[in-house]
Amino acid sequence: VYRIVNIGNQTWMAENLNWAGDDGNLGACYDNNASNCNLYGRLYDWNTVMGGSASSSSSPSGVRGICPAGWHVPSDAEWETLVNFAGGSFTAGRELKSTSGWSNNGNGTDDFGFSALPGGYGWSGDFVHVGSDGIWWSATEYGASNALFLYMRSGLSHVSRLSASKMDDLLSLRCLEDVRP
(Lines give C-alpha, C1' and ligand atoms only; values in the text may rest on other atoms or scores of the structure.)
Protein backbone atom coordinates (compact mmCIF):
# COMPACT_ATOMS: atom_id res chain seq x y z
CA VAL A 1 0.00 0.00 0.00
CA TYR A 2 1.45 3.33 -1.07
CA ARG A 3 0.51 6.89 -0.24
CA ILE A 4 -0.75 8.74 -3.31
CA VAL A 5 -1.15 12.39 -4.25
CA ASN A 6 -3.10 14.22 -6.96
CA ILE A 7 -1.03 16.87 -8.70
CA GLY A 8 -2.81 18.67 -11.52
CA ASN A 9 -4.42 15.97 -13.67
CA GLN A 10 -1.99 13.27 -12.50
CA THR A 11 -2.11 10.87 -9.55
CA TRP A 12 1.37 9.88 -8.34
CA MET A 13 2.68 7.54 -5.70
CA ALA A 14 3.86 9.83 -2.90
CA GLU A 15 6.74 7.47 -2.15
CA ASN A 16 9.19 5.39 -4.15
CA LEU A 17 8.32 1.86 -5.21
CA ASN A 18 9.59 -0.76 -2.74
CA TRP A 19 8.64 -4.01 -4.43
CA ALA A 20 11.10 -6.90 -4.42
CA GLY A 21 9.10 -9.10 -6.78
CA ASP A 22 7.39 -12.39 -6.05
CA ASP A 23 10.73 -14.09 -5.42
CA GLY A 24 12.17 -11.19 -3.39
CA ASN A 25 15.05 -10.61 -5.81
CA LEU A 26 14.08 -7.43 -7.69
CA GLY A 27 16.07 -4.28 -7.10
CA ALA A 28 18.35 -3.43 -4.21
CA CYS A 29 18.27 -1.47 -1.00
CA TYR A 30 20.81 1.35 -0.76
CA ASP A 31 24.00 -0.15 0.76
CA ASN A 32 22.12 -3.49 0.79
CA ASN A 33 20.49 -2.33 4.04
CA ALA A 34 16.77 -3.13 4.41
CA SER A 35 16.12 -0.04 6.53
CA ASN A 36 17.06 2.07 3.49
CA CYS A 37 14.36 0.31 1.45
CA ASN A 38 11.84 1.18 4.14
CA LEU A 39 12.81 4.86 3.93
CA TYR A 40 13.72 5.37 0.25
CA GLY A 41 12.22 2.41 -1.61
CA ARG A 42 14.24 0.05 -3.77
CA LEU A 43 16.69 0.92 -6.54
CA TYR A 44 16.24 -0.79 -9.93
CA ASP A 45 17.95 -0.99 -13.29
CA TRP A 46 15.87 0.23 -16.23
CA ASN A 47 15.32 -3.19 -17.77
CA THR A 48 13.80 -4.43 -14.51
CA VAL A 49 11.61 -1.32 -14.22
CA MET A 50 10.30 -1.86 -17.75
CA GLY A 51 9.45 -5.54 -17.19
CA GLY A 52 10.18 -6.39 -20.82
CA SER A 53 8.23 -3.47 -22.32
CA ALA A 54 9.62 -1.24 -25.04
CA SER A 55 10.55 2.40 -24.51
CA SER A 56 7.74 4.96 -24.60
CA SER A 57 7.72 8.72 -24.92
CA SER A 58 3.90 8.85 -25.04
CA SER A 59 1.65 10.42 -22.44
CA PRO A 60 0.44 8.17 -20.88
CA SER A 61 3.41 5.88 -21.41
CA GLY A 62 1.35 2.68 -21.54
CA VAL A 63 4.21 0.82 -19.79
CA ARG A 64 3.10 -1.03 -16.67
CA GLY A 65 6.55 -2.48 -16.08
CA ILE A 66 6.88 -3.47 -12.42
CA CYS A 67 4.26 -0.97 -11.24
CA PRO A 68 1.13 -2.41 -9.59
CA ALA A 69 -2.00 -3.00 -11.67
CA GLY A 70 -3.63 0.33 -12.55
CA TRP A 71 -0.29 2.16 -12.47
CA HIS A 72 2.52 2.70 -14.97
CA VAL A 73 6.11 3.84 -15.42
CA PRO A 74 5.98 7.56 -16.32
CA SER A 75 7.41 8.66 -19.64
CA ASP A 76 9.73 11.65 -19.88
CA ALA A 77 6.74 13.63 -21.18
CA GLU A 78 4.72 12.75 -18.06
CA TRP A 79 7.59 13.85 -15.81
CA GLU A 80 7.69 17.09 -17.79
CA THR A 81 3.96 17.60 -17.12
CA LEU A 82 4.61 17.25 -13.38
CA VAL A 83 7.59 19.62 -13.45
CA ASN A 84 5.67 22.24 -15.41
CA PHE A 85 2.73 22.04 -13.00
CA ALA A 86 5.14 22.51 -10.09
CA GLY A 87 6.45 25.78 -11.54
CA GLY A 88 8.95 24.67 -14.19
CA SER A 89 12.43 23.17 -14.08
CA PHE A 90 14.05 26.08 -12.22
CA THR A 91 11.84 25.82 -9.10
CA ALA A 92 10.06 22.44 -9.19
CA GLY A 93 12.77 20.75 -7.12
CA ARG A 94 12.05 22.96 -4.13
CA GLU A 95 8.27 22.45 -4.56
CA LEU A 96 8.46 18.63 -4.90
CA LYS A 97 11.16 17.78 -2.31
CA SER A 98 10.19 16.60 1.15
CA THR A 99 10.58 19.05 4.02
CA SER A 100 13.23 16.87 5.69
CA GLY A 101 15.86 14.29 4.83
CA TRP A 102 17.95 16.29 2.35
CA SER A 103 21.55 17.09 3.36
CA ASN A 104 23.09 20.57 3.67
CA ASN A 105 19.80 22.38 4.27
CA GLY A 106 18.60 21.13 0.90
CA ASN A 107 15.04 20.35 2.00
CA GLY A 108 12.09 21.47 -0.06
CA THR A 109 8.66 22.88 0.69
CA ASP A 110 6.71 19.80 -0.50
CA ASP A 111 3.91 22.09 -1.70
CA PHE A 112 2.14 19.29 -3.58
CA GLY A 113 2.72 16.31 -1.25
CA PHE A 114 5.05 14.55 -3.70
CA SER A 115 7.57 14.09 -0.84
CA ALA A 116 10.66 13.47 -2.99
CA LEU A 117 13.47 11.95 -0.90
CA PRO A 118 17.20 11.69 -1.72
CA GLY A 119 17.51 7.91 -2.10
CA GLY A 120 20.85 8.09 -3.92
CA TYR A 121 21.64 5.53 -6.58
CA GLY A 122 23.64 2.45 -7.43
CA TRP A 123 26.44 2.66 -9.96
CA SER A 124 28.98 0.01 -11.01
CA GLY A 125 28.36 -2.03 -7.88
CA ASP A 126 28.61 0.92 -5.47
CA PHE A 127 25.93 3.01 -3.78
CA VAL A 128 26.40 6.78 -3.74
CA HIS A 129 24.78 10.09 -2.81
CA VAL A 130 22.02 9.05 -0.40
CA GLY A 131 20.91 12.22 1.35
CA SER A 132 21.89 14.46 -1.55
CA ASP A 133 20.47 13.03 -4.81
CA GLY A 134 16.99 11.89 -5.78
CA ILE A 135 16.77 10.16 -9.18
CA TRP A 136 13.74 8.52 -10.81
CA TRP A 137 13.52 6.47 -14.02
CA SER A 138 11.29 7.30 -16.96
CA ALA A 139 9.98 4.83 -19.55
CA THR A 140 11.81 6.80 -22.27
CA GLU A 141 15.05 5.62 -23.88
CA TYR A 142 17.89 7.94 -24.76
CA GLY A 143 19.82 6.01 -27.34
CA ALA A 144 20.42 2.26 -27.35
CA SER A 145 22.02 1.93 -23.91
CA ASN A 146 20.58 4.82 -21.86
CA ALA A 147 17.21 5.99 -20.56
CA LEU A 148 16.01 9.36 -19.27
CA PHE A 149 15.48 10.14 -15.60
CA LEU A 150 14.35 13.02 -13.39
CA TYR A 151 17.05 14.38 -11.06
CA MET A 152 16.98 16.51 -7.91
CA ARG A 153 19.98 17.50 -5.82
CA SER A 154 20.28 18.82 -2.30
CA GLY A 155 20.71 22.57 -2.13
CA LEU A 156 19.34 23.15 -5.63
CA SER A 157 15.78 24.23 -6.41
CA HIS A 158 15.76 23.03 -10.01
CA VAL A 159 15.15 19.61 -11.53
CA SER A 160 17.03 18.14 -14.45
CA ARG A 161 16.17 15.49 -16.98
CA LEU A 162 19.30 13.46 -17.72
CA SER A 163 20.17 9.94 -18.88
CA ALA A 164 21.75 6.88 -17.27
CA SER A 165 22.84 3.42 -18.30
CA LYS A 166 19.90 1.03 -18.56
CA MET A 167 22.03 -1.89 -17.35
CA ASP A 168 24.54 -0.43 -14.90
CA ASP A 169 22.63 2.19 -12.92
CA LEU A 170 20.13 1.54 -10.13
CA LEU A 171 17.62 4.35 -9.65
CA SER A 172 14.34 4.93 -7.81
CA LEU A 173 10.91 4.57 -9.40
CA ARG A 174 7.69 6.51 -8.86
CA CYS A 175 4.62 5.02 -10.49
CA LEU A 176 1.85 7.11 -12.05
CA GLU A 177 -1.79 6.04 -11.95
CA ASP A 178 -3.39 5.06 -15.25
CA VAL A 179 -5.90 7.54 -16.61
CA ARG A 180 -9.39 6.35 -15.78
CA PRO A 181 -11.91 6.30 -18.64
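Predicted, not measured: the structure shown is a model, and the values here were computed from it.

### Regarding the overall build of the chain
Reasoning step 1: Summing up its helical and strand segments, the chain has 4 helices and 10 strands in all.
Reasoning step 2: For the chain, the C-alpha radius of gyration of 15 Å lies close to 16 Å, the compact-globule estimate for 181 residues.
Reasoning step 3: With respect to the principal axes defined by its C-alpha atoms, the chain has extents near 40 × 35 × 35 Å.
Reasoning step 4: Counting across all 181 residues of the chain, residues that qualify as buried make up 51%.
Reasoning step 5: Intrachain contacts of the chain at a sequence separation of at least 6 include 53% that bridge at least 24 residues.

### Description of the sheet that holds strand S6 (residues 133–141)
Reasoning step 1: Read across the sheet, 3 strands follow the order S6-S7-S8 without closing on themselves; strand pairing throughout is antiparallel. This sheet does not close on itself; its edge strands, each paired only once, are S6 and strand S8 (159–165). When strand polarity is set aside, the average angle formed by the axes of neighbouring strands in this sheet is 35°.
Reasoning step 2: Pairing of S6 with strand S7 (residues 146–153), which is carried by 6 bridges, proceeds in the antiparallel orientation.

### Digging into the layout of surface pockets
Reasoning step 1: By volume, the largest pocket amounts to about 170 Å³.
Reasoning step 2: Around the largest pocket, the lining comprises 13 residues; the ones closest to its centre are Asn9, Gln10, Leu176, Glu177 and Val179.
Reasoning step 3: Those elements that provide at least two residues to the lining of the largest pocket are strand S2 (10–13), helix H3 (76–85) and strand S10 (176–177).
Reasoning step 4: When grouped by side-chain class, the residues that make up the lining of the largest pocket number 3 nonpolar, 6 polar and 4 charged.

### As for the packing of aromatic side chains
Any aromatic ring pair is given by two values, namely how distant the centres are and how the planes are angled relative to each other.
Reasoning step 1: Following the criterion strictly, the structure yields 7 aromatic pairs and no others.
Reasoning step 2: A ring pair is formed by Phe149 and Tyr151, whose centres lie 6.4 Å apart and whose planes are at 75°; its orientation type is edge-to-face. When sorted by exposure, Phe149 lands in the same class as Tyr151, which is buried.
Reasoning step 3: We note Lys97 situated over the ring of Trp102; from NZ or CZ to the ring centre the distance is 4.7 Å.
Reasoning step 4: Here the basic side chain of Arg174 rests over the ring of Phe114, its NZ or CZ set 4.2 Å away from the ring centre.

### Brief notes about the pattern of salt bridges
Reasoning step 1: Taken as a whole, this structure holds 6 salt bridges when the rule is applied.
Reasoning step 2: Here Lys166 ties to Glu141 by a salt bridge, and the two come within 2.4 Å at their closest N and O atoms. Separated by 25 residues along the polypeptide, Lys166 in the loop between S8 and strand S9 (169–170) and Glu141 in strand S6 bring together distant segments of the chain.
Reasoning step 3: Judged by relative accessible area, Lys166 falls into the buried class, the value being 8%.
Reasoning step 4: Overall, the relative accessible area of 34% leaves Glu141 in the partly exposed class.

### Some details on the sheet that holds S9
Reasoning step 1: Pairing within the open sheet is antiparallel, and its 3 strands lie in the order S5-S4-S9. Because the sheet does not close on itself, it has two edges, and the strands there are strand S5 (126–128) and S9.
Reasoning step 2: Bridge analysis of strand S4 (residues 121–123) against S9 gives 2 bridges, and the strand direction is antiparallel. The partner of Trp123 across the bridge, within S9, is Asp169.

About the criteria used
Residues numbered from 1 in each chain as written. Predicted model: local features only at pLDDT ≥ 70, side-chain atom pairs only at ≥ 80, totals over all residues. Heavy atoms only, no water. Helix = DSSP H or I, 4+ residues; strand = E, 2+ residues; numbered from the N terminus. Rg over C-alpha atoms; globule rule 2.2 N^0.38 Å. Buried < 20%, exposed > 50% of the residue type's maximum accessible area, 1.4 Å probe, protein only. Contact = heavy atoms within 4.5 Å. Pairing = 2+ DSSP bridges. Axes fitted to C-alpha atoms, helices over the stretch in contact; angles between N-to-C directions. 1 Å grid on protein atoms, 1.4 Å probe; cavity = no way out; pocket = protein on both sides within 12 Å on 5 of 7 lines; lining within 4 Å. Points joined across faces, edges and corners; volume = space filled by probe spheres on them. Nonpolar A, V, L, I, M, F, W, Y, C, P; charged D, E, K, R; others polar. Phe/Tyr/Trp six-rings, centres within 6.5 Å; stacked < 30°, edge-to-face > 60°. Lys NZ or Arg CZ within 6 Å of the ring centre and 35° of its normal. Salt bridge = Lys/Arg side-chain N within 4 Å of Asp/Glu carboxyl O.

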